[in-house]
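Chain and residue survey
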Amino acid sequence: MRLRLVALGFSLLLVCCGSASAQQPPSATPSPPPFTFTNVDLELLQKSNELDQQMADRGLVYEDAQLTEYVSAVGNDVLPQGPDLENVKWRFHVLRDPIPNAFALANGSIYVNTGLLALLENEAQLASVLAHEETHVLNRHAYLENRSYRKKALAANIFSGVAAAGGAEGGAGGAAAVLVGAIAPAILESTIYGYSRELEKEADLHAVGAINDANYSTEEMIITFKLLDSPHEVALSQGFYQDHPKLKDRIAYVSEAVDGLHARTPHPMVEEERYFAATEKAARDNVTMDIYAGRQRTAVAVAQRLVKKDPNSSANFRALGDAFRTLGPRTPDPTPEELSSRGKKDIRKSLVKLTPQEYDDELMALPAGKAAWEANQKQSEDAYRKALEIDPAEAPAHRGLGFLYEREHQFAQCVDEFQKYLELSPAAPDQAQIHRRLDAARKQIAANAPSPATP
Amino acid sequence: MTARFARAAILLLAIASGASFAKAQFAHPDLKSGKIVVHKVLILPAQATVTKSGMKGSEGLIEESRIVENALPGLISQALQSKGCTVLDNVLAPAALEKDPDLKYAVADIQGRFETIHAHVEQKPKDVRTGRYTLGDDVANFSPGAAADALVFTRASGVLTTGGKKAFAVVVGGNASDFVVMDITVVDSQTGNILFYTDAISRGNFVGDTGRMGKPIDKSLKQFSCSAPSGKN
């Protein structure tokens, strides 16, 4: 349904993040090209506003006033000075989504996913992403792409109609033609996810100028691309960032632009600590989102970074414990076999065929899977123990240990940990689940107890 | 893939026939045998996608999607009540969600969890009958569901065809009509097991007259029943 939501015409709107303009030299105060709104554009504007509402209504927006304020402040810093743009109201939002992405709507709403915030390392990198997205709005890319899409769609529709007519003449082909007609718009839409490479390049190059003018380190934009280019998951589909000009190309032309610029001060801003303080909680919450989204490897990587940055946080160690526990039979990094095209094909096939639980079970049946699981259990246990060492009242660490021991069939320890969890969290929302598991563990203990010797 | 194609073909035939009707219904073995009995249900907010199909291509209709989303819980509630279920009303009403961001997150998360398994159920609904599908027992952590035996998830996907495209279809001989496909999944609120899955099709202007979706929903839940609530239920 998430795909359907995107397909809900939002593909026209989700002018995803990514790039900037080659012909135009980077400038922090570009005069936006004159733009005359047509009815089609006003429709898109209205849909952008509706989409904002829809995002909020569906609980997709990460409602953290401080974080939103921080992202807005960085976004405003890299906005060019100048008159207000017609039909643009700059609003910055954080989305509860573990995929590293950002996008801009035509109305000036800019969304950054928690997954991207968790991946980035400092404020300068965030500024480069926001400046890039702002360019899409400033230069009206959404409207331009929408106009172009509609022309393509009209052509496709006529094509499908002709196909239907052919089918009617040919007899049985009609139903198939209708099917193609129904599918064609979706295929067409998929070709416009994100902007054209030219527009993305335009946004990239403009962003370089904008962050330089705001006194952020432009080098960090290059590092951002490198971070995006080092995914922790096996990429099974063509993601948005792979759709952009190859990241290596982007690194090349942005590096060239950076070399041609003079930094405003000898020490441009990077602001790693401020960024971490503002985003730490969101990144930790994103670990849980990654786990639920089946991105356990990313969850481990994010949690490891959190622990490295803030080793005194019991919650960060607990998150690391959760990430390793749910990593299960996978290695922390994809194996070369998984990254091969054959490997990807096999994984894709399995994921279509099997539910996540069935897929885990299949991996566990392999010796490599079992070995990975054992190693991950150990790492998880260590992380939970560390969390409890820092803060013995970190109840979720006991909960995690309970699950860990349950899986290892160490039922006495499992009962002990679950009980501690319930003692520390008497109002826990998952009490019913834990009580049920406690009962099951106790039954196992009773069943395993040696029967009294018969006289 | 073959199964998907077959389902798509059936759907197309159904639409072409002009009928509004319920398709197959799939029940978990424990529900069928009476080992699990559902008394109280909580209906989660429906998620609908309405698309306008016209000569200028397809376009998502957000407002129309919202109309369908708002109408479906009431229609499903009526259908379930007629089968003896107690429906926990207003727990997840838009006003309640608006007031409580944590509740809104919890709903968004459980809807997301459902999506993962829903894709598999759609692909092979027959396996509901073997008890294959589960959301996992952490659905029990969804506190609004604590008072319910089952959670009801609804997805709908509709197409409104413009007059121009309808006329074009008449000329070239294709099929262009308004329809909505709805699927309803009942999930055990404690174990996360998928207890029941069904889908239904309604043809005609389902946005202007949302009530017309009621009949196919009612039919699609024909094989589902809640036993009479016991005691204070």
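Keep in mind it's a predicted model, so treat the numbers as computed, not measured.

**Some points on the overall build of chain A**
A count of helical and extended segments in chain A gives 21 helices and four strands. Within chain A, buried positions represent 44% of all 455 residues. Sequence separation of at least 24 residues holds for 73% of the intrachain contacts in chain A that already meet a minimum separation of 6.

**So, the overall build of chain B**
Scanning chain B for helices and strands turns up seven helices and eight strands. Sorting the 233 residues of chain B into buried and exposed places 45% on the buried side. For chain B, contacts bridging at least 24 residues in sequence account for 75% of all contacts bridging at least 6.

**As for the pairing of strand S6 (residues 150-161) of chain B**
All names here are of chain B. Counting buried positions along S6 gives eleven out of twelve residues, so the element sits mostly inside the fold. Pairing between strand S2 (residues 40-43) and S6: three bridges, direction parallel. Bridged to Leu-42 within S6 is Leu-151. Direction of pairing for strand S3 (residues 47-54) relative to S6: parallel, over a ladder of seven bridges. Its bridge partner lying in S6, Ser-53 is registered against Thr-161. Two elements, S6 and strand S7 (residues 179-188), share ten bridges in a ladder whose sense is antiparallel. Bridge pairing in S7 links Thr-154 to Ile-184.

**Structural notes on the environment of Lys-104 of chain B**
Considering the arrangement of structural elements, one finds Lys-104 of chain B in helix H5 (residues 101-123). For the pair formed by Lys-104 of chain B and Asp-209 of chain B, sequence separation is 105 residues and the distance between their alpha carbons is 29 Å. Apart from residues lying up to four places away in sequence, Lys-104 of chain B is in contact with Gly-59 of chain A together with Leu-97 of chain B.

**Topic: the confidence of the model for chain A**
Residue and element names in this part refer to chain A. For chain A, the mean per-residue pLDDT works out to 81, and 79% of the residues sit at or above 70. Here residues 1-29 is a poorly scored stretch, pLDDT under 50, and it has 105 contacts once near neighbours within four places are set aside; other chains count. With pLDDT under 50 throughout, residues 154-192 is counted as low confidence; its partners more than four residues away or in other chains account for 56 contacts.

**What about the packing of helix H20 (residues 411-424) of chain A against helix H21 (residues 431-448) of chain A?**
Residues and elements named next belong to chain A. Axis separation between H20 and H21 bottoms out at 9 Å; the angle between their running directions is 155°. Put simply, H20 runs roughly antiparallel to H21. Like other packed secondary-structure pairs, H20 and H21 cross with a definite hand, here left-handed. Here H20 contributes Phe-411, Ala-412, Cys-414, Val-415, Phe-418, Tyr-421 and Leu-422 to the contact with H21, which in turn contributes Gln-431, Ile-434, Arg-437, Leu-438, Ala-441, Arg-442, Gln-444 and Ile-445. Here the contact of H20 with H21 is built from residues that sort into eleven nonpolar, two polar and two charged.

**Here's the deal with the pairing of S3 of chain B**
All names here are of chain B. Counting buried positions along S3 yields seven of eight residues, so the element is predominantly enclosed. Across four bridges, the pairing between S3 and strand S4 (residues 57-60) is antiparallel. Bridge assignment links Ser-53 to a residue of S4, and that residue is Ser-58. In this structure, the hairpin formed by S3 and S4 is closed by a connection of two residues.

**Overview of the packing of helix H12 (residues 272-292) of chain A against helix H14 (residues 314-327) of chain A**
All names here are of chain A. For the pair H12 and H14, interaxial distance at closest approach is 10 Å and the crossing angle is 10°. Considered as vectors, H12 and H14 are oriented roughly parallel to each other. Here Arg-284, Val-287 and Ile-291 of H12 come into contact with H14, specifically with Ala-315, Asn-316, Ala-319, Asp-322, Ala-323 and Thr-326.

**Some details on the nonpolar core**
Formed by 151 residues in total, the largest nonpolar core has its most connected members in Val-112, Ala-127, Ile-211 and Ala-323 of chain A together with Val-41, Leu-72 and Val-152 of chain B. Setting aside residues up to four positions removed in sequence, Ala-323 of chain A forms contacts with Val-287, Ile-291, Gln-296, Ala-299, Val-300 and Ala-303 of chain A.

**What about helix H5 (residues 123-138) of chain A?**
Taking 1.5 Å as the rise per residue, H5 of chain A with 16 residues should run 22 Å; its terminal C-alpha atoms sit 22 Å apart, in good agreement. By the criterion of burial, H5 of chain A is predominantly enclosed, with 16 of the 16 residues buried.

**Things to note about the confidence of the model for chain B**
Residues and elements named next belong to chain B. Considering every residue of chain B, the mean pLDDT works out to 85; 88% of them sit at 70 or more. Element-level mean pLDDT values for chain B span from 58 in helix H1 (residues 2-17) up to 96 in S2. This model gives residues 228-233 a pLDDT under 50, and the stretch forms six contacts once residues within four places in sequence are excluded. Taken over the whole predicted complex, pTM reads 0.83, whereas the ipTM for its chain interfaces reads 0.81.

**Brief notes about unusual backbone geometry**
Residue and element names in this part refer to chain A. Here Glu-271, not a glycine, exhibits a phi torsion of approximately 55°, which is positive. Structurally, the position occupied by Glu-271 is in the loop between helix H11 (247-259) and H12. The class for Glu-271 is partly exposed, based on 19 C-beta atoms found within 10 Å. Here the phi dihedral of His-409 falls at roughly 65°; this positive angle occurs in a residue that is not glycine. When you line up the elements, His-409 lands in the loop between helix H19 (395-407) and H20. Take His-409: there are 10 C-beta atoms within 10 Å of it, and that puts it in the exposed class.

**Here's the deal with the environment of Leu-366 of chain A**
Residue and element names in this part refer to chain A. With respect to the helices, strands and loops of the structure, Leu-366 is situated in the loop between helix H17 (356-364) and helix H18 (367-390). When the 11 C-beta atoms within 10 Å are taken as the criterion, Leu-366 is described as exposed. In this structure, the C-alpha to C-alpha distance between Leu-366 and Pro-329, residues 37 residues apart in sequence, is 8.8 Å.

**Examining the environment of Pro-125 of chain B**
Residues and elements named next belong to chain B. Looking at the secondary structure, you find Pro-125 in the loop between H5 and S6. By the C-beta count within 10 Å, which is 22 here, Pro-125 ends up buried. Once you skip the residues sitting within four places of it in the chain, Pro-125 turns out to touch Ala-24, Phe-26 and Tyr-197.

**What to know about H14 of chain A**
All names here are of chain A. Given a rise of 1.5 Å per residue, 14 residues ought to cover 20 Å, and the 20 Å separating the end C-alpha atoms of H14 matches this to within 8%. Among the 14 residues of H14, twelve are classified as buried, and the element is accordingly described as predominantly covered. The set of residues buried in H14 consists of Asn-316, Phe-317, Arg-318, Ala-319, Leu-320, Gly-321, Asp-322, Ala-323, Phe-324, Arg-325, Thr-326 and Leu-327. Check the buried side of H14 and you find it contacts H12, helix H13 (296-309), H18 and H19. A positive backbone phi angle near 55° is found at Gly-328, which sits one or two residues after H14.

Reading the values: rules and limits
Residues numbered from 1 in each chain as written. Chains lettered and ligands numbered in written order. Predicted model: local features only at pLDDT ≥ 70, side-chain atom pairs only at ≥ 80, totals over all residues. Helix = DSSP H or I, 4+ residues; strand = E, 2+ residues; numbered from the N terminus. Buried ≥ 20, exposed ≤ 12 C-beta atoms within 10 Å, placed from the backbone. Contact = placed C-beta atoms within 7 Å. Pairing = 2+ DSSP bridges. pLDDT = per-residue confidence, 0-100. Axes fitted to C-alpha atoms, helices over the stretch in contact; angles between N-to-C directions. Parallel < 35°, antiparallel > 145°, perpendicular 65-115°, else oblique. Left-handed = near helix turned anticlockwise from the far one by under 90°. Nonpolar A, V, L, I, M, F, W, Y, C, P; charged D, E, K, R; others polar. Core = buried A, V, L, I, M, F, W, Y, C linked by C-beta atoms within 7 Å. Expected span 1.5 Å × (residues − 1).

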